2 protein chains.
Amino acid sequence: MAHLRQVLLCCLLSGAAWATAGPTAIAVHGGAGTLTRDSITPEQEHAYLKILNAAVQQGHERLQNGATGSEVVREVIRLMEDSPLFNAGHGAVLTWNSEHELDASIMLGQSLAAGAVAGVTRVKNPIDAAYAVLASSPHVLLSGAGADQFAEQQGLRMVENRYFSTPRRVEALEIFRSHNRENKPQNVDEKFGTVGVVVLDSAGNLAAGTSTGGMTGKRWGRIGDSPLIGAGTYANNRSCAVSATGHGEFFIRWQVASDICARVRYQGLDLLTAANQVIHDELGSAGGDGGVIAIDPKGNVAMVFNTEGMYRASINSDGKKVVSIFRDKNNSNNDGQDLSDG
Amino acid sequence: MAHLRQVLLCCLLSGAAWATAGPTAIAVHGGAGTLTRDSITPEQEHAYLKILNAAVQQGHERLQNGATGSEVVREVIRLMEDSPLFNAGHGAVLTWNSEHELDASIMLGQSLAAGAVAGVTRVKNPIDAAYAVLASSPHVLLSGAGADQFAEQQGLRMVENRYFSTPRRVEALEIFRSHNRENKPQNVDEKFGTVGVVVLDSAGNLAAGTSTGGMTGKRWGRIGDSPLIGAGTYANNRSCAVSATGHGEFFIRWQVASDICARVRYQGLDLLTAANQVIHDELGSAGGDGGVIAIDPKGNVAMVFNTEGMYRASINSDGKKVVSIFRDKNNSNNDGQDLSDG
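So, a few notes on the structure that sits alongside this text. Each chain carries its own residue numbering, running from 1 in the written order of its sequence. Written order decides the labels, with chains lettered from A and ligands numbered from 1. Only residues with pLDDT of at least 70 get local features here, since the model is predicted, and only at 80 or more are side-chain atom pairs given and counted; chain-wide, interface and lining totals rely on the full set of residues. Hydrogen atoms and water are omitted, and side-chain values are computed over all heavy atoms in the structure.

### Section: the packing of aromatic side chains
Classification of ring pairs rests on two measures: the distance between centres of Phe, Tyr or Trp rings, Trp counted by its six-membered ring, which must be within 6.5 Å, and the angle between planes, read as stacked under 30 degrees, edge-to-face over 60 and tilted in between. A complete count under the given rule lists 14 aromatic pairs over all chains for this structure. Here Tyr48(A) and Phe86(A) contribute two aromatic rings whose centre-to-centre distance is 5.6 Å and whose plane-to-plane angle is 70°, an arrangement assigned as edge-to-face. Of this pair, Tyr48(A) sits in helix H2 (residues 42–64) while Phe86(A) sits in the loop between helix H3 (69–82) and strand E2 (102–108); the two residues are 38 residues apart in sequence, bridging distant segments of the chain. Residue class for Tyr48(A) comes out buried when judged on its relative accessible area of 4%. Overall, the relative accessible area of 1% leaves Phe86(A) in the buried class. Members of the aromatic cluster, connected to one another through ring pairs, are Tyr48(A), Phe86(A) and Tyr311(A). We call a charge positioned above a ring when the Lys NZ or Arg CZ atom is no farther than 6 Å from the ring centre and deviates by at most 35 degrees from the ring normal. Directly above the aromatic system of Tyr131(B) lies the positively charged group of Arg74(B), at a separation of 3.5 Å from the ring centroid. For helices the rule is a DSSP run of H or I covering at least 4 residues; for strands it is a run of E covering at least 2, with both sets numbered from the N terminus onward. In this scheme, a residue with accessible area under 20% of its type's maximum is buried, one over 50% is exposed, and one in between is partly exposed, where area comes from a 1.4 Å probe on protein chains only.

Structure below.
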């Protein structure tokens with residue numbers, strides 16, 4: 001009997017271990033835009049590939065070690081917010097009034113729990129403020145000075161607004177203003193640079209998060225798609241998890257993130273087909289530029305964009321890694337080449 | 001030949017008239033909650049039925065005379081914003097700081113054009129500010145002081161914040177604060193009272209709009225579902241138009257407005273079945289209280305809620321009018337009795 005109990009206990013334990021060690025997968029993006037090989041230097045390309053690779057690698061290792069989707073989404077987004085390379089956290093673009101107003105959101109696919117902040121100016125890591133809304137308030141979306149106040153009450157690290165500034169973004173605002181005075185078209189890439197993460201954790205739960213500084217020269221308290229559940233961020237274990245980047249107003253009107261998941265859930269489409277339909281057929285034909293990363297409960301990953309490029313990286317449930325920036329001419333699925341060891 | 005030309009011209013003219021005189025339909029709501037016959041006086045009931053009837057009647061006549069969905073949504077919502085009976089415009093609830101912060105949105109089903117404002121404090125009719133964002137800005141959602149500034153620049157009528165106050169809402173905030181001090185549960189109905197309109201116009205276009213003061217005692221710049229496209233408001237000629245009212249955080253997480261339309265579009269469900277699934281099966285089982293009004297391109301109307309009642313009225317494409325408050329025990333579809341002549 002003692003032996004039988006041991007065997008049973010062993011089976012139960014290994015069952016438990018097995019149950020918490022399902023397949024894992026992760027995808028990250030750092031914005032989409034008119035990115036071509038001519039538009040950035042080899043040094044810039046290397047710097048982006050390096051941090052994209054580090055982000056996806058670190059997130060994947062944490063998932064393999066049993067970290068939850070919620071933890072990994074926040075850790076990886078913090079890493080990208082802290083980098084000056086992306087339009088999120090440190091390195092965010094400047095508003096019309098030469099300030100930074102940051103947006104972020106997170107959603108968990110098991111519970112549909114969600115939290116978001118719009119227009120925060122003093123939280124070092126807006127993704128942590130979004131999670132605090134999810135975990136410690138009855139609300140989903142807080143905005144402006146009230147959201148900063150809430151984050152401070154929650155004990156999050158606060159900074160001066162100028163912490164987010166970088167010379168590159170100051171220059172971009174000057175160019176924006178000069179184009180505005182002369183009625184010249186703006187560099188559309190200044191709309192982009194949002195960061196996002198989607199994961200499947202080892203417990204089988206999906207999660208998604210997005211963080212951004214919004215558009216250079218934005219005003220009137222403009223809120224884009226990044227903090228809006230269903231537009232820039234969505235996660236539902238029944239279908240998929242999505243984080244978007246691009247011309248936010250189109251992503252709101254087309255409900256990009258939740259529409260991809262609705263097509264998966266209600267039409268039974270595979271993830272890539274659903275993402276291609278929404279990004280190319282719907283948004284593309286309407287003139288809405290941008291892209292998404294998406295993941296499904298089996299660990300399939302889709303990284304789809306209708307721009308020249310999208311900073312992106314992924315490791316799917318088969319362990320296949322992609323780290324890429326430009327569009328691969330031979331790959332209509334936009335999921336690029338494996339440049340991780342390049 | 002002259003006669004033939006006359007006949008042809010006549011046919012063309014009547015054809016044109018016919019083309020712009022398709023079926024029309026409209027539904028309005030003034031909020032959902034624990035409304036029972038015992039909870040309001042006969043005088044209150046009469047006052048609500050009277051304005052609901054006036055709203056739906058006026059909107060329907062305008063639609064019959066060829067007004068666009070966009071015009072009728074704004075006209076009818078203005079009427080309800082100007083009434084002290086609803087939690088929108090004059091009569092809105094008070095925030096934690098004894099102020100009014102108003103949200104509104106509008107969406108047009110033909111173009112998916114959308115506009116919204118969150119947390120405005122000085123625009124007399126927030127629905128007009130939402131429409132100005134749609135019509136006169138490159139954005140979809142503006143917030144806070146910036147949104148007020150934009151509205152003022154657009155020439156909209158501005159008021160002092162106290163214009164929105166009524167004795168009833170001042171008292172509600174006092175009760176809220178006293179319950180808060182004593183850790184007593186809040187009266188959930190103070191979450192509700194949002195107004196909304198959905199229409200099918202004679203050109204075959206759907207439109208939806210929603211306006212609210214949000215939740216009594218809200219703070220930290222909380223934004224609910226009403227100004228969020230896909231959550232509180234959605235319109236798409238391919239599927240349906242929806243305006244929601246209820247516990248906003250649930251409506252955001254469940255993407256109530258766009259999910260109903262996704263089920264219509266992708267699963268081929270009829271409007272009422274789709275609305276019932278989302279409001280009863282999804283939201284109801286999760287504890288999310290509230291309801292929706294919805295309309296499809298054929299002029300079918302669904303008014304569905306999982307609360308005790310919802311202030312509502314509709315005239316569908318067959319001309320059938322419903323004006324109602326309470327749940328009709330004999331009617332699982334929640335579309336009430338015809339009380340319009342009561």
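### So, the relation of the copies chain B and chain A
Copies are brought into register by a least-squares superposition over C-alpha atoms of residues with pLDDT of at least 70 in both. Rotating chain B by 180° and moving it 0.0 Å along the rotation axis overlays it on chain A with an RMSD of 0.0 Å. Overall, the copies show the geometry of a two-fold rotation axis. Of the C-alpha atoms belonging to chain B, the one lying closest to the rotation axis is found on Tyr266(B), 3.0 Å away.

### Quick word on the interface of chain B and chain A
Facing the 40 residues of chain B at the interface are 40 residues of chain A. Joining two parts hides part of their accessible area as seen by a 1.4 Å probe, and the buried area is that hidden amount summed over both. For the pair chain B and chain A, the two sides together bury roughly 3300 Å², of which 60% comes from carbon and sulfur. When residues of chain B are sorted by the area they lose upon contact with chain A, Trp220(B), Arg253(B) and Tyr266(B) head the list and together hold 26% of the total. Here, a salt bridge means any side-chain nitrogen of Lys or Arg that lies within 4 Å of a carboxyl oxygen of Asp or Glu. A salt bridge links Glu282(A) to Arg238(B); the nearest nitrogen and oxygen atoms lie 3.0 Å apart. As used in this structure description, the phrase polar contact means that two N or O atoms lie within 3.5 Å; if the pair is within protein, one of them must be able to donate a hydrogen and the other to accept it, and residues adjacent in sequence are counted only when both atoms belong to side chains. Our count for the contact surface shared by chain B and chain A stands at 24 residue pairs in polar contact (both at pLDDT 80 or more). Going through the elements one at a time, strand E4 (141–143), helix H5 (144–153), helix H7 (248–253) and helix H8 (256–267) of chain B are the ones with two or more residues in the side of chain B that touches chain A. Throughout, the ten residues Ala, Val, Leu, Ile, Met, Phe, Trp, Tyr, Cys and Pro are labelled nonpolar, Asp, Glu, Lys and Arg are labelled charged, and all others, Gly among them, are labelled polar. Residues that form the side of chain B that touches chain A fall into these classes: 20 nonpolar, 11 polar and 9 charged. For two strands to be treated as a pair, DSSP must find no fewer than two bridges joining them. With 2 bridges joining them, strand E7 (residues 222–223) of chain A and E4(B) adopt antiparallel strand pairing. Paired with Arg222(A) across the two strands is Leu142(B), which belongs to E4(B). Residue contacts follow a heavy-atom distance rule, with two residues in contact if any of their heavy atoms lie within 4.5 Å.

### What about the sheet that holds strand E2 (residues 102–108) of chain B?
Reading across from one edge, E7(A)-E4(B)-E3(B)-E2(B)-E6(B)-E5(B)-E1(B)-E11(B)-E12(B) is the order of the 9 strands in this open sheet, with mixed pairing throughout. Every interior strand has two partners, whereas the edge strands, E7 of chain A together with strand E12 (321–326) of chain B, have only one. Where strand E11 (residues 309–315) of chain B lies against E12(B), 5 bridges are found, and the strand directions are antiparallel. Across the sheet, Ser314(B) pairs through a bridge with Val322(B), a residue of E12(B). Fitting a line to C-alpha atoms yields each axis, with helices limited to the stretch in contact; the angle taken between N-to-C directions then spans 0 to 180 degrees. Relative to the sheet, H5(B) contacts strand E3 (114–120) and E4 of chain B, its axis offset from that of E3(B) by approximately 120°.

### Considering the pairing of E2(B)
The side chains of a regular strand alternate, residue by residue, between the two faces of the sheet. Residues and elements named next belong to chain B. Of all 7 residues making up E2, 7 are buried, and the element is well covered by its neighbours. Of the two faces of E2, the one holding Leu-102, Ala-104, Ile-106 and Leu-108 and the one holding Asp-103, Ser-105 and Met-107 are both buried throughout. In the sheet, E2 pairs with E3 via 5 bridges, with the strands oriented antiparallel. Its bridge partner being in E3, Ile-106 is matched across the sheet by Gly-115. Taking the residues that link successive antiparallel strands as the turn, the E2-E3 hairpin has 5 residues, and the phi of Leu-112 there is positive, at about 60°. One ladder, built from 6 bridges, connects E2 with strand E6 (residues 206–212); its direction is antiparallel. The partner of Ala-104 across the bridge, within E6, is Ser-211.

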